[in-house]
Structure formats: C-alpha cells, structure tokens
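Architecture at a glance
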Amino acid sequence: MVHYGHSNQLRQAKAMGDYLIVGVHTDSEISKHKGPPVFTQEERYKMVRAIKWVDEVVEGAPYVTALETLDKYNCDFCVHGDDLTLTVDGVDTYEEVKKSGRYRECKRTQGVSTTDLVGRMLLMTKAHHSNIDASDYQQHTDNFGKGKDSNGQNSHSPWTGVSQFLQTSQKIIQFASGQEPQPGDTIIYVAGAFDLFNIGHVDFLRATHKMADKPYIIVGLHFDQEVNRHKGKNYPIMNVHERTLSVLACRYVSEVVIGAPFAVTKDLLDHLKVDLVCHGKTQMYPKKDGSDPYVVPRKRGILRTVDSGNSLTTDAIVQRITKNRLLFQDRNQKKETTEIAAIQATQRHRVANQ
Ligand code: C5P
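Just so it is clear, the structure is predicted and the values come from calculations on it, not from any experiment.

Turning our eyes to something else, we now look at helix α14 (residues 314–323). Within the sequence span of α14, burial applies to Thr314, Ile317, Val318 and Ile321. Taken end-on, α14 shows its buried residues confined to a sector of 95°, consistent with a single buried face.

Written as structure tokens, this is what we have:
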C-alpha cells in the first residue's frame with residue numbers, strides 16, 4: 001500500500017539531499033518477497049508521483065538495491081526506514097549498499113503499516129476511530145497474526161505490529177505547505193472522507209487542480225463520526241488524524257480543514273474566501289435530515305462536478321482485501337513471523353558478542 005507512513009519517509013529522505021528518486025517495485029517482485037500488494041504497480045507509480053517530496057519515480061526498481069542501481073540513476077546514497085527488509089530467502093536487501101557506506105536511515109512512522117491497515121480491513125474493527133476504547137481491537141488482534149516465543153509469551157513485531165498512530169502538531173507542521181493563498185489564486189474547496197487515500201482521490205485532486213491557473217485547494221475532512229454515519233460499517237478505516245496527513249502529502253493540496261462541517265455553509269465559504277466548490281462524480285451523500293449539503297454553493301453558482309476519470313473507491317479497496325482474505329491473512333502472518341525471527345536473531349547475535 002501507499003500510505004502516510006511512506007510519505008513521512010519520503011519527506012525525511014528529501015530533507016537529506018536535493019533530488020529524490022523513488023524506486024517502486026513491480027507487483028510480481030512484491031508478491032514473491034512479501035505477498036500480494038494492495039494497489040497495482042500502475043496505481044503505486046502514480047500515487048508515489050503525487051507525493052509532494054518526490055522528484056522522480058523509477059518504475060519496476062529491483063527488490064534488492066545494489067550499487068549498480070544507485071549508479072544507474074546517479075544517486076549518491078539510498079535511504080530506508082529503521083526496520084529490516086528481507087528477501088524471501090531472509091537476506092537484507094540493503095546489505096551491499098550498507099557495506100559500501102551509501103546507505104542512510106530515516107525513522108519509521110509509529111502506528112501505521114500495510115500490515116496494520118490490511119488488519120483493520122480484514123477485522124472490520126473500529127478501534128482506529130477517535131475516542132474509541134482500544135480494547136475491542138486488542139481482543140481481535142490477540143487471535144490474529146500474533147506469534148508466541150519460546151517462553152509462550154506473545155511476541156509482536158515492533159515494526160508492523162498493531163499500535164495506534166499519535167498525531168502531533170509537529171507532524172502537521174512538517175506535512176503542511178505553510179502557504180497562505182496569494183492574490184490571484186483561485187480558492188477551491190473540496191470536502192469528503194478521503195479515507196484510505198488512493199489513486200481515485202489523486203486523480204480527482206489533479207483534475208480539480210486543472211480547474212484554475214493558480215489553484216489553492218482546501219480539503220475539508222469530515223470527522224470520523226460523520227463519515228461513519230453516511231458510509232456505515234467500520235468506515236473510516238483511517239481516523240481523521242491519519243487522513244489529514246495522507247491528504248497534506250499530496251502535491252495538489254494547499255490546506256486542510258480538520259473536521260469540516262458536512263454541509264458547505266455560507267459561513268465556511270465566506271471564512272475561507274472560497275471561489276469554487278468541486279465534487280467528483282461519485283455519490284453525494286445527504287445530510288442527517290436528508291437535505292442537500294451543497295445547497296449554498298449550488299445557489300451561488302460556484303459548484304462544479306469534476307470527472308476524475310477513475311472509478312476506484314475506498315469500498316473497492318476493502319473488497320480487494322476481503323475477497324482475497326486468506327491470501328492477505330497469510331501475508332500478514334508470514335510478515336510478522338519473519339520480522340520476529342529477524343529481531344530474535346539480532347538479539348542472540350548481540351548477547352553472543354557481549
Ligand atoms: O468518497 P470520498 O469522500 O473520499 O471522496 C472525496 C472526493 O473525491 C469526492 O469529491 C469524490 O467524488 C472524489 N472522488 C472521485 N473519484 C474517485 C474517488 C473519489 O472523483 N474515484
């Protein structure tokens with residue numbers, strides 16, 4: 001998956017140099033080493049390109065990063081998070097570049113991983129929502145993807161094991177554009193859930209960006225309770241804090257309203273000095289009382305329908321997972337077992353060298 005943990009990695013990597021090239025693996029390479037990918041390679045190439053810290057994407061980059069790869073793309077060094085990536089044979093994929101000193105490390109984002117997100121979709125729990133007791137989530141995870149070590153203790157991978165993401169003002173500052181609208185900018189407001197931020201959203205935001213010469217796009221994110229009211233089930237899969245970072249990482253977005261009112265009111269339009277309001281061709285949900293949330297912009301003549309040309313929805317992504325439940329369960333279990341084994345081997349190595 002492409003998620004805000006990756007965006008945070010790319011942000012850190014970009015800060016270490018001047019030009020950031022991101023190598024993205026093919027579906028077959030990922031299936032071989034990790035298990036089935038959630039997004040297709042074409043979707044992942046496009047999504048990574050839309051992350052604002054990325055200068056270039058190498059499609060189909062080899063799974064093992066060799067010096068030859070770095071030289072081919074004129075890279076001084078490569079960057080990876082502070083966890084291990086192993087091939088299917090248990091070999092560190094960065095062994096060669098680490099030995100040659102052309103390897104740098106950035107911090108993993110705590111509380112999000114593909115394993116965790118796939119788990120949320122498979123389990124259909126709600127503990128990732130704000131203000132909800134985590135105990136029901138814990139109960140489910142106790143029965144899922146959790147290994148026992150030799151002492152019969154539950155052991156969790158610290159990298160992909162389930163934990164909760166903690167939003168901080170620092171993280172928002174790091175992700176935010178920090179730019180105010182400039183004179184001559186067209187201020188465009190779009191509202192929605194933007195849950196499991198995906199290529200459907202990216203295509204919509206790109207098309208919206210093309211609506212003006214100097215667009216300033218403000219995304220209004222609905223609170224979790226509001227999303228749950230109209231989308232049902234355990235939606236949103238990502239809470240409002242996680243959705244905030246996902247959207248801020250997109251190069252087309254200038255500003256986010258964290259917890260926007262469901263109806264696009266006169267107050268909101270005047271306060272943000274909105275010139276245009278855009279919505280995609282997907283379903284428009286009514287307010288709680290059944291009325292139209294877009295009645296004010298519609299009356300003002302500033303509501304536009306934007307065709308993203310993409311029919312992917314959050315629901316369709318969840319269906320990809322649930323349709324292939326066994327494959328994804330297996331993927332998560334294997335990933336955690338391999339990571340725990342790698343950690344235990346490192347610990348044994350440390351003890352032996354003491
Ligand atoms: O469904 P959600 O609230 O996340 O959608 C946010 C915005 O993205 C909406 O305007 C929706 O119509 C648009 N969208 C789109 N094409 C997609 C997915 C979403 O235009 N494939």
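This paragraph deals with the sheet that holds strand β9 (residues 255–258). Read from one edge of the open sheet, 5 strands run β9-β8-β7-β10-β11, paired in parallel fashion. Among the strands making up the open sheet, the edge pair consists of β9 and β11 (303–305). Neighbour-to-neighbour, the strand axes of this sheet turn through a mean angle of 25°, independent of strand direction. Along the sheet, helix α9 (residues 199–209) contacts β7 (186–192), β8 (215–221) and β10 (276–279); its crossing angle with β8, the most-contacted strand, is approximately 140°.

A word on the environment of Asn332. Inspection of the secondary structure puts Asn332 in helix α15 (residues 325–352). Between the alpha carbons of Asn332 and Thr114 there is a distance of 8.9 Å; along the sequence they are 218 residues apart. Only 3.0 Å separates the side chain of Asn332 from the backbone oxygen of Thr115, close enough to count as a polar contact.

Turning our eyes to something else, we now look at the site of the ligand. Lining the immediate surroundings of the ligand are 15 residues, of which Ala193, Lys231, Thr282, Asn310 and Leu312 lie closest. If the ligand stood free it would expose 460 Å²; the protein chains cover 93% of that surface. Sort the elements by how many residues they give to the shell around the ligand and α9 lands first, with 3 residues. For the shell around the ligand, the per-class residue count stands at 4 nonpolar, 9 polar and 2 charged.

Running from N to C, helix α6 (residues 114–123) and α14 point in directions that differ by 80°, and their axes come no closer than 9 Å. What the angle tells us is that α6 and α14 run roughly perpendicular. Facing α6, whose interface residues are Val118, Met121 and Leu122, α14 presents Ile317, Val318, Ile321 and Thr322. By residue class, the composition of the contact of α6 with α14 is 6 nonpolar, 1 polar and no charged.

Before going further, it helps to spend a moment on the packing of helix α3 (residues 41–49) against α9. Between α3 and α9, whose axes approach to 10 Å, the crossing angle comes to 45°. With respect to α9, the axis of α3 lies oblique. Helix-helix and strand crossings are classified by hand; for α3 and α9 the assignment is left-handed. Only Ile199, Val202, Asp203 and Arg206 of α9 make contact with α3, whose side of the interface consists of Glu43, Lys46 and Met47.

Take the packing of aromatic side chains next. Scanning all chains against the criterion turns up 3 aromatic pairs. An angle of 80° between the planes, with centres 5.2 Å apart, marks the rings of Trp53 and Phe175 as edge-to-face. Pair noted here: Trp53 is in the loop between α3 and β2 (56–59) and Phe175 is in helix α8 (residues 169–175), with a separation of 122 residues, a long-range link. The residues Trp53 and Phe175 share a single accessibility class, namely buried. Considering the side-chain rings of Tyr94 and Tyr103, the 5.6 Å spacing of their centres and the 50° angle between planes classify their relative orientation as tilted. Residues Tyr94 and Tyr103 agree in their burial class; the two are buried. In this structure, Lys98 is placed above the aromatic ring of Tyr103, and the distance from its NZ or CZ to the ring centre is 4.9 Å.

For the bond running from Tyr235 to Pro236, omega is 0°, close enough to zero to count as cis. The topology assignment puts Pro236 in the loop between α10 (224–231) and α11 (240–248). Backbone geometry places Lys273, a non-glycine residue, at a positive phi of 55°. Here Lys273 shows up in the loop between α12 (266–271) and β10. Exposure remark for Lys273: the relative accessible area of 59% places this residue in the exposed category.

The subject of this paragraph is the nonpolar core. Counting residues in each nonpolar core, the largest one holds 61 residues, and the members touching the most others are Met121, Val190, Phe194, Leu205 and Val219. Ranked by the residues each element gives to this core, the list is headed by α9, at 5 residues. Apart from residues lying up to four places away in sequence, Val190 is in contact with Phe204, Leu205, Thr208, Ile217, Ile218, Val219, Gly220 and Cys278.

Turning to the pattern of salt bridges, a few remarks are in order. The tally for this structure, following the rule as stated, stands at 20 salt bridges. Across the pair Arg120 and Glu242 runs a salt bridge whose closest N-O atoms are separated by 2.9 Å. Of this pair, Arg120 sits in helix α6 while Glu242 sits in helix α11, and the two are 122 residues apart along the sequence. Each member of the pair Arg120 and Glu242 is classed as buried. We note a salt bridge from Asp292 to Arg298, for which the minimum N-O separation is 2.8 Å. Relative accessible area serves as the criterion here: at 43%, Arg298 is assigned to the partly exposed category. Because the salt bridges share partners, they merge into one network encompassing Lys46, Asp203 and Arg206.

Rules of the game
- Residues numbered from 1 in each chain as written.
- Predicted model: local features only at pLDDT ≥ 70, side-chain atom pairs only at ≥ 80, totals over all residues.
- Heavy atoms only, no water.
- Buried < 20%, exposed > 50% of the residue type's maximum accessible area, 1.4 Å probe, protein only.
- Helix = DSSP H or I, 4+ residues; strand = E, 2+ residues; numbered from the N terminus.
- Arc of directions from axis to C-beta.
- Pairing = 2+ DSSP bridges.
- Axes fitted to C-alpha atoms, helices over the stretch in contact; angles between N-to-C directions.
- Contact = heavy atoms within 4.5 Å.
- Polar contact = N/O pair within 3.5 Å; in protein donor to acceptor, adjacent residues only side chain to side chain.
- Near = heavy atom within 4 Å.
- Areas by Shrake-Rupley, 256 points an atom, 1.4 Å probe, with all protein chains shown as cover.
- Nonpolar A, V, L, I, M, F, W, Y, C, P; charged D, E, K, R; others polar.
- Parallel < 35°, antiparallel > 145°, perpendicular 65-115°, else oblique.
- Left-handed = near helix turned anticlockwise from the far one by under 90°.
- Phe/Tyr/Trp six-rings, centres within 6.5 Å; stacked < 30°, edge-to-face > 60°.
- Lys NZ or Arg CZ within 6 Å of the ring centre and 35° of its normal.
- Core = buried A, V, L, I, M, F, W, Y, C linked by side-chain atoms within 4.5 Å.
- Salt bridge = Lys/Arg side-chain N within 4 Å of Asp/Glu carboxyl O.

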